[in-house]
Structures are given as structure tokens and as C-alpha cells.
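Spelled out from the first residue to the last, the chains are:
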Amino acid sequence: VTARGRGTATTGASVPSAGGMVLSLERMTRILEINTADRYARVEPGVLNGDLQLALAPLGFFWAPDPTSAPYSSIGGNLACNAGGPRTVKYGAARDNVLGLNVVDGAGRYWPTGQFTSKGSVGFDLTRLLVGSEGLLGVIVEATLKLLPKPTASRLMRASFQQVEAAAEAVARVMAQANTPSALEFMDAKALGLLRRYHALDLPQGDALLLLEVDGAANTIDSQAAAIQAACQVSGLLHFEQATDARQGEQLWAARKALSPTLRLHAPKKINEDVVVPVSQLPALIRGVYAISAEFGIEVVNFGHAGNGNVHVNFLYDPANADQHAAAPLAVRALFKLVLSLNGTLSGEHGIGLDKLPFMAEAIPAETLSRMRDLKRVFDPAGILNPGKVLPMP
Ligand SMILES: Cc1cc2nc3c(=O)[nH]c(=O)nc-3n(C[C@H](O)[C@H](O)[C@H](O)COP(=O)(O)OP(=O)(O)OC[C@H]3O[C@@H](n4cnc5c(N)ncnc54)[C@H](O)[C@@H]3O)c2cc1C
């Protein structure tokens, strides 16, 4: 039984690769309750993230997970993959923003987890175990989500740097001060080159650009922005600019959001990995990725959520070119080896699915994988839920 929300997972997680039945949650779209006093919303799993945000906005609240796919991905899918986005750096991903779940496990048993309160210390935390389990432990049929008050003001800034190292140093300095940005996004020189070429965008020169956002009460924005600007004053900073009006801010976000579709204009095929390294290792990651690109003859473009050290490494190639077709999987393997050597992890938000299954045994110690298989047997004794995903055969 393969649960399916909207099928937007990029890892093959919702593909019934072992056959069986696809269980579509697409029509379970009811928002059952919005309770602003207790700061939660109860929803069915097929509710689109974007639709929930639209329902919450007039009440002055939001649900923090903000994947780019929000308008067309389901909350069940967001929870099953522990989805996140630019705001994760300040507000956390799906796992940090759920209070409880109702699930049907692999034995057909229906049970609730968690609580309706923002605090709870009763028993094991099965809620957080189920989030990110990619449909292997249970089917989420209802979720109680934690709501946050919507900030009334925000400001976007951009900073360009001569080298990736300088940008990474600024990221580390921004994260080491008290004003946590609500977004801290990175684009490398190749990403900037593509935006200039395909969108004629006015972007500053440099090997790296950071987009930084602060949010909160209007009277805190100037001081927060000043603190971020001060943290960005590193050797190698070329240009720092604050968006002075909403339109300018929208243009900057538009540049960031245009990147993913632009890659499709540039090459017939992209492999988008979403690796994570400690922030201090960002320069080593980017330099290493360029070396992999040179070694295997595969073009690469990097951008992503620098505040979490989460970089979307995009390998771009032409599958009709036999050499590139053969080299691309080797480049991905080399990338994962590099990431693990830097104390990083394979995925920040997309999950494992089918694509990264061959690398799990390298990423997770054998004993830890055994405990995951033990848990799988408890929740799904017959092994019918999304078989062949996430957990490699022993
Ligand atoms: C253009 C694009 C941009 C994206 N941007 C982001 C991004 O910024 N951040 C991010 O995190 N992801 C992103 N994604 C990936 C994807 O959108 C997310 O993983 C999303 O959470 C998947 O939701 P879905 O409804 O499509 O789930 P599906 O793809 O249908 O399912 C995903 C997994 O969840 C399981 N599942 C689905 N519903 C349930 C349920 N009710 N109970 C139990 N298991 C369930 C499935 O079995 C599968 O394993 C992007 C994808 C695309 C195509």
C-alpha cells in the first residue's frame, strides 16, 4: 500500500515500485478546525499546504513549513517527507510544527498520537517518529498542526561576495548573532549566471549571493536588519542592499524562485539533490562539488537554504549524450561521499524514497538501520506499507 498525496516527491517515494495498491489521499481535503486561541489546526491529509495558508492568513496565523511546492503538495505528503523551505531556518520544518496525528498502521489499526496542547510530556513521541517516515510506518489520516502568528512586517536584503568562502563566513556570523533571519538563501555564481542569461535580472557581480530576510513586529525590523548587515561585513563582501519597498523584495524573491524552472530551460535533465552540511563546511562543499563537476564532465548549479547548510546541488546534463548519461550517477555518488565526509547528511527536506536507497547503508550505521527495521515491524508487521523504500535490505 503506497500512500499518495499529490505525487510531487522528487525521490520516487510515492511510486508503487513493488506493485500493490496506491492509496490516494487527494480527496481528503477538509480543514476540520482552526483554533487560534489554542494555536492549532486539524486537517485531513489531502489539504494543500497553500490552501491551509490561505485559510489561516486572514486570521493572522500561518503553518511554518513552506516548500516551493506549497500550492500543489499535500499536508500529508509534507508531514511524511518532513518538508521545509526558506523559513525553516527560523521556524523549523514539518516535524517541528505538528502536535499530533491520527494514523492507520500496516495492521489496519487506527490510533492517535500527540496532544492538542503546545506542551506535552506523556509517553513516547510517536508523532515525531511518524513525521518523515515516508509512508512506511502508517498512513496519516488527520493531523493537528501547530500554528504561529504571522509576522506583521519583514524586510529582504541581498549581499554579494567575491568568493563562496566569504559568503559562508557571513552565513556563520549571521547565525551566530541573536536575530535569526526568517530566510537565508544562497546562490552560487552559476545560478546567478543563469538568472542573468534567461531572465535579464539585474544582479550584482560576485561568486555568491545571499538573500536574507528578517520578520517580526514593524518596530523591530530596522534593528534586526542593521544587525544582519553588520554580520555580513566580512572581507570579500562586494555589495549589500536592503529592499526598501515591497516590490523590490518581491523581485528578489522572484529571482530565487525562478531558479528551479530556469534549470529546465538550460538542460534536458537535472538531478536535484538536497544535501546538508554544517554551515562551517559550506565552502568545502561548494569547492568539492565544482571538483566533481570537472571530474565527471557534468555541469552543476548550487543554491539553497544556507542558514541550515542545506544546498540544492543540481547536476545538469543531456541523457542523449552517452558519456554524460553514464557519468551522472557517478557524480551523485561522489557528492554523497563528499557530504558524509563533511559530517553532513543526504537530504534536508526531500527524503530518501527510491533514489537515495542505495546510499542509506553508507549514511546510517548498521545498528541504527536495524533499529529502524525493528520499528517498521512493530508498526507494519506484514511489511505492506510503501515496500522497497527508505530502508535497504539487510
Ligand atoms: C517543483 C517542486 C518543488 C519542491 N520544493 C520543495 C521544497 O521547497 N521543500 C521540500 O521539502 N520539498 C519540496 N518538493 C518535494 C515535495 O513537494 C515534497 O516532498 C512534498 O511534501 C510532497 O507532498 P505530496 O503531497 O506531493 O506527497 P507525495 O509525493 O504524494 O508523497 C510523498 C511521500 O509521502 C507519503 N505520503 C503521502 N501522503 C501520506 C499520508 N497521508 N500518510 C503517510 N504517508 C504519506 C508517500 O507515500 C510518499 O512516501 C518539491 C517538489 C517539486 C516537484
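Just above sits the structure.
Here the structure is a predicted model, which means the values were calculated and not measured. (Residues numbered from 1 in each chain as written. Predicted model: local features only at pLDDT ≥ 70, side-chain atom pairs only at ≥ 80, totals over all residues. Heavy atoms only, no water.)

Peer 1: Looking at this model, I keep getting lost on the site of the ligand. Mind explaining?
Peer 2: Around the ligand there are 33 residues in total, and Ala-3, Gly-5, Thr-8, Ser-69 and Ser-74 lie nearest to it. A distance of 2.5 Å separates an oxygen atom of the ligand from a polar backbone atom of Ala-3. One of the backbone nitrogen or oxygen atoms of Thr-68 is found 2.9 Å away from an oxygen atom of the ligand. In isolation the ligand has 970 Å² of accessible area, and contact with the protein removes 92% of it. At the level of secondary structure, the elements contributing two or more residues to the shell around the ligand comprise strand S1 (2-4), helix H2 (75-81) and strand S8 (138-146). Looking at the shell around the ligand, the element that brings in the most residues is H2, giving five residues. Among the residues making up the shell around the ligand, the classes are represented as 12 nonpolar, 17 polar and four charged. (Near = heavy atom within 4 Å. Polar contact = N/O pair within 3.5 Å; in protein donor to acceptor, adjacent residues only side chain to side chain. Areas by Shrake-Rupley, 256 points an atom, 1.4 Å probe, with all protein chains shown as cover. Helix = DSSP H or I, 4+ residues; strand = E, 2+ residues; numbered from the N terminus. Nonpolar A, V, L, I, M, F, W, Y, C, P; charged D, E, K, R; others polar.)

Peer 1: Please clarify how the sheet that holds strand S11 (residues 183-188) should be interpreted in this entry.
Peer 2: Within a sheet, neighbouring strands are paired by backbone hydrogen bonds and run either parallel or antiparallel to one another. Ordered by their spatial adjacency, seven strands build an open sheet running S13-S10-S12-S11-S15-S16-S14, and the pairing between neighbours is antiparallel. Among the strands making up the open sheet, the edge pair consists of strand S13 (237-242) and strand S14 (269-276). Direction aside, neighbouring strands of the sheet carry axes that sit 15° apart on average. Here S11 runs beside strand S15 (residues 299-305); their pairing, made up of three bridges, is antiparallel. (Pairing = 2+ DSSP bridges. Axes fitted to C-alpha atoms, helices over the stretch in contact; angles between N-to-C directions.)

Peer 1: Just checking my understanding: could you explain the pairing of S11 for this structure?
Peer 2: Note on strand geometry: in a regular strand, side chains alternate between the two faces of the sheet. Within S11, six of the six residues are buried, leaving the element largely enclosed by the surrounding structure. Burial along S11 is two-sided: the residues Ala-183, Glu-185 and Met-187 and Leu-184, Phe-186 and Asp-188 are all buried. The sheet contact formed by S11 and strand S12 (residues 208-216) spans six bridges and is antiparallel. From the neighbouring strand, Met-187 faces S12, where its bridge partner is Leu-209. (Buried < 20%, exposed > 50% of the residue type's maximum accessible area, 1.4 Å probe, protein only.)

Peer 1: Is there a simple way to think about the packing of helix H9 (residues 282-296) against helix H10 (residues 322-341) in this case?
Peer 2: Contact geometry for H9 and H10: axes closest at 10 Å, N-to-C directions at 155°. In terms of their interaxial angle, H9 and H10 are classed as roughly antiparallel. By crossing handedness, the relation of H9 to H10 is classed as right-handed. In this structure, H9 contributes Leu-285, Gly-288, Val-289, Ile-292 and Phe-296 to the contact, and H10 contributes Ala-327, Leu-330, Ala-331, Ala-334, Leu-335, Leu-338 and Val-339. Grouping the constituent residues of the contact of H9 with H10 by class yields 11 nonpolar, one polar and no charged. (Parallel < 35°, antiparallel > 145°, perpendicular 65-115°, else oblique. Left-handed = near helix turned anticlockwise from the far one by under 90°. Contact = heavy atoms within 4.5 Å.)

Peer 1: How should I be thinking about helix H1 (residues 49-56) in this particular structure?
Peer 2: Since the α-helix advances by 3.6 residues per turn, residues separated by three or four positions end up pointing in the same direction. Considered for burial, the residues of H1 that qualify are Asn-49, Gly-50, Leu-52, Gln-53 and Leu-56. Burial along H1 is one-sided: seen end-on, the buried residues are contained in an arc of 160°. Those residues of H1 that are buried are in contact with strand S3 (31-35), strand S4 (40-43), strand S5 (61-62), H2 and S8. (Arc of directions from axis to C-beta.)

Peer 1: Help me out: how do you make sense of the packing of helix H5 (residues 164-175) against helix H7 (residues 221-231) in this one?
Peer 2: Direction vectors running N to C along H5 and H7 enclose 140°, while the axes themselves pass 8 Å from each other. Comparing their axes, H7 and H5 come out oblique. In terms of crossing hand, the pair formed by H5 and H7 is right-handed. For the pair formed by H5 and H7, the contact residues are Ala-170, Arg-173 and Val-174 on the first element and Ile-228, Ala-230 and Ala-231 on the second. Its residues placed into classes, the contact of H5 with H7 shows five nonpolar, no polar and one charged.

Spatial relationships are all this shows, so hold off on functional conclusions.
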